[in-house]
Amino acid sequence: MSTTISSVNSTTSSSTASTSTKSQISDSTKRQLEALGIDASSVTSESQAQALIAAKQAEQSFQDSLYMSSDDSSSTDSTESSLISEAKSLANQLGVSVASDDTFDDITAAISDAIEKLMDKAGNDPIALQRAQSYQTQLAQLSSQYSTVSSSNSSMYAAMNVQAANNKYMLGL
């Protein structure tokens, strides 16, 4: 019978310990986590919560800046060279060195390799995995924008070639 009481006491101790761990996260931090769509129950410490909040806010800020630049059609932020600059900036964030004459594809391949290494290194660390996924999202968005710009350029050149052919025909050349 004392064994049963002992096990009840150990169960009570462990549940108290887990409750005190959960209560280490402040109410304001819990509200921030919930506002960002992060489940507060999956976070075990204030420092982990703050790191997740910072990573999520950085990702949202990056997405907002991409959205703002894509909305302004007169903006030069959607040019091929500016996208290469953004890719170089992302590469620098990851510690990847790129040459000044590297193409967008070269830079994104190096970034992708660095992200894969980061994910492998992260193991089961949720903060490191989320950071790697944030970089992956940024890379995917840059690649998508670059694809759109390249497609637009190709369409423009095709239209110019058609116009040139029409001009030759009209002039009888």
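Because the structure is a prediction, the values reported are computed rather than measured.

**Q** Would you mind showing me how to read the environment of Ser42 here?
**A** Among the structural elements, Ser42 can be located in the loop between helix H2 (27-35) and helix H3 (46-71). Look at Ser42 and you get partly exposed, because its relative accessible area is 46%. Residues Ser42 and Pro126, 84 residues apart in the sequence, show an inter-C-alpha distance of 9.7 Å. Reaching out from Ser42, the side chain makes a polar contact with the backbone oxygen of Asp39 at a distance of 2.7 Å.

**Q** Got a minute to help me understand the environment of Ala58 in this structure?
**A** Tracing the chain through its elements places Ala58 in helix H3. Along the sequence, Ala58 and Arg131 sit 73 residues apart, while their C-alpha atoms lie 9.6 Å from each other.

**Q** Help me out: how do you make sense of the packing of aromatic side chains in this one?
**A** For any pair of aromatic rings, geometry is given as the distance between the ring centres together with the angle between the planes. Within this structure, the stated rule accounts for one aromatic pair. Note on Phe104 and Tyr146: the rings are 4.0 Å apart at their centroids and 10° apart in plane angle, and the pair reads as stacked. Residue Phe104 is located in helix H5 (residues 104-122), and its partner Tyr146 is located in helix H6 (residues 126-171); the two are separated by 42 residues in the primary sequence. Residue Tyr146 is classed as buried on the basis of its relative accessible area, which comes to 15%.

**Q** Explain the packing of helix H4 (residues 80-93) against H5 here, please?
**A** When two helices pack together, their arrangement is captured by the angle between the axes and the distance separating the axes. Two elements in contact, H4 and H5, have axes separated by 10 Å at closest approach and are oriented at 25°. Here H5 runs roughly parallel to H4, going by the angle between their axes. Viewed along their axes, H4 and H5 form a crossing whose handedness is left-handed. For the pair H4 and H5, contact is made by Leu83, Ile84, Ala87, Lys88, Leu90 and Ala91 and by Phe104, Ile107 and Ile111, respectively. Residues that form the contact of H4 with H5 fall into these classes: eight nonpolar, no polar and one charged.

Rules and cut-offs
- Residues numbered from 1 in each chain as written.
- Predicted model: local features only at pLDDT ≥ 70, side-chain atom pairs only at ≥ 80, totals over all residues.
- Heavy atoms only, no water.
- Helix = DSSP H or I, 4+ residues; strand = E, 2+ residues; numbered from the N terminus.
- Buried < 20%, exposed > 50% of the residue type's maximum accessible area, 1.4 Å probe, protein only.
- Polar contact = N/O pair within 3.5 Å; in protein donor to acceptor, adjacent residues only side chain to side chain.
- Phe/Tyr/Trp six-rings, centres within 6.5 Å; stacked < 30°, edge-to-face > 60°.
- Axes fitted to C-alpha atoms, helices over the stretch in contact; angles between N-to-C directions.
- Parallel < 35°, antiparallel > 145°, perpendicular 65-115°, else oblique.
- Left-handed = near helix turned anticlockwise from the far one by under 90°.
- Contact = heavy atoms within 4.5 Å.
- Nonpolar A, V, L, I, M, F, W, Y, C, P; charged D, E, K, R; others polar.

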